[in-house]
Amino acid sequence: MIAVLALLAACGRGGGGEGGTPVPDGELRIAAQFSPRSGYAIDTDDAYILTQLGATEALTAASADGQVRPALAESWSQIDPLTWRFVLRSGVTFHDGTPLTPAAVVTALGYVAGVAAPPRALRGLGLAAVEDGADAVRIATAHPDPILPLRMSSPNAVILAPSAYAGGAPSVIGTGTGPMRLTAVEGTQQAVLERFDGYWGGRPALARVSATFVDDPSARALALRAGDVDIAQGLPESTLLEFSAGSGFDDQTVAAPRTVSLLMNQSAAPFDDARIRQAVTRAVDRTALAEQALAGSAVPASELFGPAVAWGAQGPAPAPDVAGARALLTEAGHGPDNPLRVRLWTYQNRPELPTLATAVQAMLREAGIDAEIQIGEYGTQEPEVLAGRYDMFLLSRSYLTDVPDAGATLRSDYTCDGSYNINHYCSAAFDSLVGTLDTTTDVAARQDVFRAAASMLVDDAVGVPLVHSLENGVSHNVVGYTLDPMTKQLVTPQLAVTG
Amino acid sequence: MITRRLVALPAVVLAASVLIFLLPRLAGVDAVRAVLRSRVAEAEPDPMAAARVAAELGLDRPLPEQFLRWFWHVLTGDLGLSYATRTPVAPQLASALGVSAVLAVLALVLAAVIGIPAGVHAARRPRGLVDRIVTVTSVLGVAVPEFILAPVLVLLLAVAIPLLPALGWGSPAQAVLPALTLAAFPAALAAQLTRAETADVLSRPHVVLARAKGLAAGAVLWRHGARLALTAVASLSGLFFAGLLSGAVVVEVVFAVPGLGRLLYDAVIGQDLPMVQAGLLAVVVIAVLAALAAEMLQLALDPVARAAAQR
């Protein structure tokens, strides 16, 4: 019945996808995927929502290729290994009418660096900002930080007007600098923004933006179909077909910087044996996982980094080699008389994981590995896997922490002292390679290190990167909409609705 | 009997509050990690940040002390601060309760307006055409879950025939589809119950006598048949009200309605313990009070039940 109604609905809509004449002073309505969980607290992930909606800006901005560009700061320079100087853009006004000053920047950065649990991008830096003349600030760190300008692009490092910090948690209503001024929020249901005529980057085309936070992906698709919204984020793969070319909708899909990996505990048997890890690597058909198990909602992975980043692998995933896997298992002492039995843990917060676990289990069985699946709650599994009390763990993880630089992930997830080293991998050569990032400022040189690190992880069979996630967004009667894989940007001064 | 229930009310609430406080902890929820993860996804374990957050929220204190502190605050009307938003729980809870109450009342009114006349008319001629239609429809109303009915109604009334908005809350039009979805189950039950009770009453000797004396068919049906059936439906509606108030999770998530169901859903996902505890406590109190109100209504409407209660 639903299918019949969907077909009926499809006949009644359409026309006017990407293109058309922008409507002056238009209103854009968005069905947003992620609702605010922390009351728009600037030191939490809710900060992403504010930058996406064009309400807040940081000193710098960054593109997915890792390049940093000016935003509220026009330029920057490194004074010494611990200190950077940022020259502020002139003529910037906060939404409350006050000007951007060095004192405002010092207040904003001082707040976010001093909260009880600092955000990922700024944690452990010992960040301290001071005024430096009438138009600049100096930002110092406790240890040399070669990517400080890139870190300043984090949505958690946005600069709010001094009035926002008058008492308690910073208020984000009418205190940003972006093209749209946040005027009202209704709990986790909706946010409303209006054009900020004093925006330094030119007059925004949109007069109003309303974002409704809809947790249910099918409801977002229906709202777009019904014409209740102009943009819907994160639609179910099954509905994308009806929004494809010729339907009157503009659908976009991009690779996200997120990888689902099969982690293996190297601190204990059997996965302390590299031959068994290699056997698992060969047994898994990643293309089948992406295209069949997940019905094309992901792309097969050949290494940790995927097509979302400039340094990610672009080639095809390696083909499975079941015979090779069996041979390696035999070499390691496992065969029909002594089959390898392991536990495969995962969690259901991400719905694709149980599906992938079942498919991986079947592939491993072909190679002679009997994997018993246990699906639990991530919160209770985390201490166990970090303590090394597991065999295999299927994990979905973003490899970029707020800025397009993989240094933090490589350090936390794969170095001997890493705080999130679930594989319990420890290699002096790898640590030495990652250590070079401490003094490498050049973006291209850092990306070479990322590539080399990813290659080393493949050689050492440190987990099996299975698939890279995809993000999608569909618009109707909108021009200037580009899906940002970093989920930082959506509403821009150029974004407009058409008639 | 009502007095006995009222006297027992504080004990019920106290027992519920102990359970509500203890359950998440007994289930192994690490409140500090939950706070950190709800604010920053995929946060890596950071003992220093965890210690600071634990001290800030009083989670480093012994469990009995945490409970007594929480319970004393609840008694004085302070439901605490949300772990996720760091803002007071009470205003958020009150706002969500208000939305859910409006939705529940609308759904119950719709259920009564649809279900009772349908049941009465079905009872006029058992096994007749109207009875068969009402029976099949009410079976569907009971059997089809909300997560199926909601998108079907959206496809029909918002997409195929664009009469109503597909989601949101704030305008009368936005309330129609969620209320209709919620009303389906109680309307179906009300129709079935009304039909059975009315048919039973219509076959009793005093009604047969009233008919024989020449009383009009409509008067017999509504004055003698449906009136008694309404007693059972009215007492059922009290129980439905509490269920609809807190149990409309699917409808509130699908239609992006900022009610209690969605608030609790978000709080459970984010393991926001103060919000979960306050929300559940509110639900328990409302459920107990609603059951009490339903019982009083039944006593007011039904002389037989009233006489039984007085014995």
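Residues numbered from 1 in each chain as written. Chains lettered and ligands numbered in written order. Predicted model: local features only at pLDDT ≥ 70, side-chain atom pairs only at ≥ 80, totals over all residues. Heavy atoms only, no water.

Asks: Just to check I follow, could you spell out the overall build of chain B for this structure?
Replies: Of regular secondary structure, chain B possesses 14 helices and 0 strands. Overall, chain B is about 85 × 60 × 30 Å in size when its C-alpha atoms are taken along their principal axes. Expressed as a percentage of contacts within chain B between residues at least 6 apart in sequence, the contacts between residues at least 24 apart total 70%. Element-wise, carbon and sulfur atoms account for 72% of the exposed surface of chain B, whose accessible area totals about 14900 Å². (Helix = DSSP H or I, 4+ residues; strand = E, 2+ residues; numbered from the N terminus. Contact = heavy atoms within 4.5 Å. Areas by Shrake-Rupley, 256 points an atom, 1.4 Å probe, with all protein chains shown as cover.)

Asks: Honestly, the layout of surface pockets in this entry has me stumped. Any pointers?
Replies: Gaps left between atoms show up when a probe the size of a water molecule is rolled over them. Empty space within the second largest pocket amounts to approximately 930 Å³. Only strand E8 (180-186) of chain A together with helix H2 (31-39), helix H3 (47-57), helix H5 (89-124) and helix H12 (260-269) of chain B provide two or more residues apiece to the lining of the second largest pocket. Per-element tally for the lining of the second largest pocket: the top contributor is H5(B), with 5 residues. Split by residue class, the lining of the second largest pocket holds 21 nonpolar, 15 polar and 9 charged. (1 Å grid on protein atoms, 1.4 Å probe; cavity = no way out; pocket = protein on both sides within 12 Å on 5 of 7 lines; lining within 4 Å. Points joined across faces, edges and corners; volume = space filled by probe spheres on them. Nonpolar A, V, L, I, M, F, W, Y, C, P; charged D, E, K, R; others polar.)

Asks: Please clarify how the interface of chain B and chain A should be interpreted in this entry.
Replies: As a measure of interface size, the accessible area lost when the parts come together is often cited. Across the boundary between the two partners, chain B contributes 42 residues, which contact 46 residues of chain A. For the pair chain B and chain A, the two sides together bury roughly 3600 Å², of which 57% comes from carbon and sulfur. Close ionic contact of A:Arg37 with B:Asp266 constitutes a salt bridge, the shortest N to O distance being 3.0 Å. If you look at where chain B meets chain A, you find 7 residue pairs in polar contact (both at pLDDT 80 or more). Elements represented by at least two residues in the side of chain B that touches chain A include exactly H2, H3, helix H7 (146-160), helix H11 (249-254) and H12 of chain B. Broken down by element, the residue count for the side of chain B that touches chain A peaks at 9 residues, all from H7(B). Classifying every residue of the side of chain B that touches chain A gives 28 nonpolar, 4 polar and 10 charged. (Buried area = accessible area lost by both parts, 1.4 Å probe. Salt bridge = Lys/Arg side-chain N within 4 Å of Asp/Glu carboxyl O. Polar contact = N/O pair within 3.5 Å; in protein donor to acceptor, adjacent residues only side chain to side chain.)

Asks: What is the right way to read a nonpolar patch on the surface from this model?
Replies: Residues and elements named next belong to chain B. A surface patch of nonpolar side chains, about 340 Å² in accessible area, is lined by Val105, Val109, Val113 and Ile114. Summarising the element assignment, Ile114 is placed in helix H5. For Ile114, a relative accessible area of 44% translates into the label partly exposed. (Patch = residues over 30% accessible without salt bridge, like charges linked within 9 Å, V, L, I, M, F, W, Y side chains within 5 Å. Buried < 20%, exposed > 50% of the residue type's maximum accessible area, 1.4 Å probe, protein only.)

Asks: Looking at this structure, how should I read the environment of A:Thr487?
Replies: Structurally, A:Thr487 is set in the loop between strand E18 (478-479) and strand E19 (496-497). Residue contacts for A:Thr487: discarding those within four places in its chain leaves A:Tyr48 and A:Gln52.

Asks: For this particular structure, what's the right way to read the packing of H5(B) against H12(B)?
Replies: The description of two helices packed together rests on the angle between their axes and the distance between the axes. Residues and elements named next belong to chain B. Where H5 contacts H12, the axes come no closer than 7 Å and their chain directions differ by 135°. Comparing their axes, H12 and H5 come out oblique. Every residue of H12 that contacts H5 at Gln92, Leu93, Ala96, Leu97 and Ser100 is listed here: Leu260, Gly261 and Leu263. (Axes fitted to C-alpha atoms, helices over the stretch in contact; angles between N-to-C directions. Parallel < 35°, antiparallel > 145°, perpendicular 65-115°, else oblique.)

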